[in-house]
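Notes for the structure review
So the chains spell out like this:
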Amino acid sequence: IILPTTWAVGATAQDLRKYASAEVQITGLSGGDSITFTRSLDGTNYVNWPVSASDGSTTTAITTNNIFSIDAAGYLKFTKTGSASTPVVTIRAGN
């Protein structure tokens, strides 16, 4: 299990190959900024990866603060678009 920890640098991949799922909590996102998660099986080739919000909706571009579920079992990164906010991303993973 990865206990809840702040993920400060989205370009630094989280190795989630041992985990079936992960949750990320986004706080402080505002001003039209967005966060996109990418996933890779080999740690080199990344593709946009959908996340599920707590209300059941699915998206690839997060624009609101919430807790999101992500299918893990690979490497995960995120990118932020915009400069209006400094969001905090907290991640937790398990099986």
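Residues numbered from 1 in each chain as written. Predicted model: local features only at pLDDT ≥ 70, side-chain atom pairs only at ≥ 80, totals over all residues. Heavy atoms only, no water.

So, on to the overall build of the chain. Check the secondary structure of the chain and you find zero helices and ten strands. Starting at the N terminus and walking to the C terminus, you meet the elements of the chain as β-β-β-β-β-β-β-β-β-β. The C-alpha atoms of the chain give a radius of gyration of 12 Å, which matches the 12 Å a tight globule of 95 residues would have. The principal-axis extents of the C-alpha atoms in the chain amount to approximately 35 × 25 × 25 Å. (Helix = DSSP H or I, 4+ residues; strand = E, 2+ residues; numbered from the N terminus. Rg over C-alpha atoms; globule rule 2.2 N^0.38 Å.)

What follows covers unusual backbone geometry. For alanine 73, which is not glycine, the phi torsion reads 55° and is therefore positive. Turning to its location among the elements, alanine 73 is positioned in the loop between β8 (66–71) and β9 (75–81).

Pairing of strand β2 (residues 14–15) with β9, which is carried by two bridges, proceeds in the antiparallel orientation. By the bridge assignment, glutamine 14 is partnered in β9 with leucine 76. (Pairing = 2+ DSSP bridges.)

The subject of this paragraph is the environment of phenylalanine 68. If you trace the backbone, phenylalanine 68 turns up in strand β8. Its relative accessible area of 3% is what places phenylalanine 68 among the buried residues. Sequence spacing of phenylalanine 68 and alanine 53 is 15 residues, and the spatial spacing of their C-alpha atoms is 4.5 Å. Those residues within four positions of phenylalanine 68 in sequence are excluded, and the remaining contacts are Ala22, Glu23, Val24, Ile26, Val51, Ser52, Ala53 and Ile62. (Buried < 20%, exposed > 50% of the residue type's maximum accessible area, 1.4 Å probe, protein only. Contact = heavy atoms within 4.5 Å.)

Mapped onto the elements, threonine 38 comes out in strand β4 (residues 34–40). Excluding anything up to four places from it in sequence, threonine 38 contacts Tyr46, Val47, Asn48, Trp49, Tyr75, Leu76 and Lys77.

Our next topic: the sheet that holds strand β5 (residues 47–48). The four strands are arranged β2-β9-β4-β5 in an open sheet whose pairing can be described as antiparallel. The sheet is open, and its two edges are formed by β2 and β5, each paired on a single side.

Time to look at the nonpolar core. If you look at the biggest cluster of nonpolar residues, it comprises 21 residues, and the most contacted ones within it are Leu16, Ile26, Ile35, Phe37, Ile62 and Val89. At the level of elements, β3 (21–27), β4, β6 (51–53), β8, β9 and β10 (88–94) are the ones that each hand at least two residues to this core. (Core = buried A, V, L, I, M, F, W, Y, C linked by side-chain atoms within 4.5 Å.)

Our focus in this paragraph is the side chain of arginine 39. Take arginine 39: it is sitting in strand β4. There is no salt bridge for the buried arginine 39, and the closest opposite charge comes from aspartate 71, which lies 6.6 Å off by N-O distance. Here alanine 72 takes part through its backbone oxygen, which lies 2.7 Å from a polar atom of the side chain of arginine 39. Those residues in contact with arginine 39 that lie beyond four places of it in its chain are Asn45, Tyr46, Val47, Trp49, Asp71, Ala72, Ala73, Gly74, Tyr75 and Leu76. (Lys, Arg positive; Asp, Glu negative; His and termini not counted. Salt bridge = Lys/Arg side-chain N within 4 Å of Asp/Glu carboxyl O. Polar contact = N/O pair within 3.5 Å; in protein donor to acceptor, adjacent residues only side chain to side chain.)

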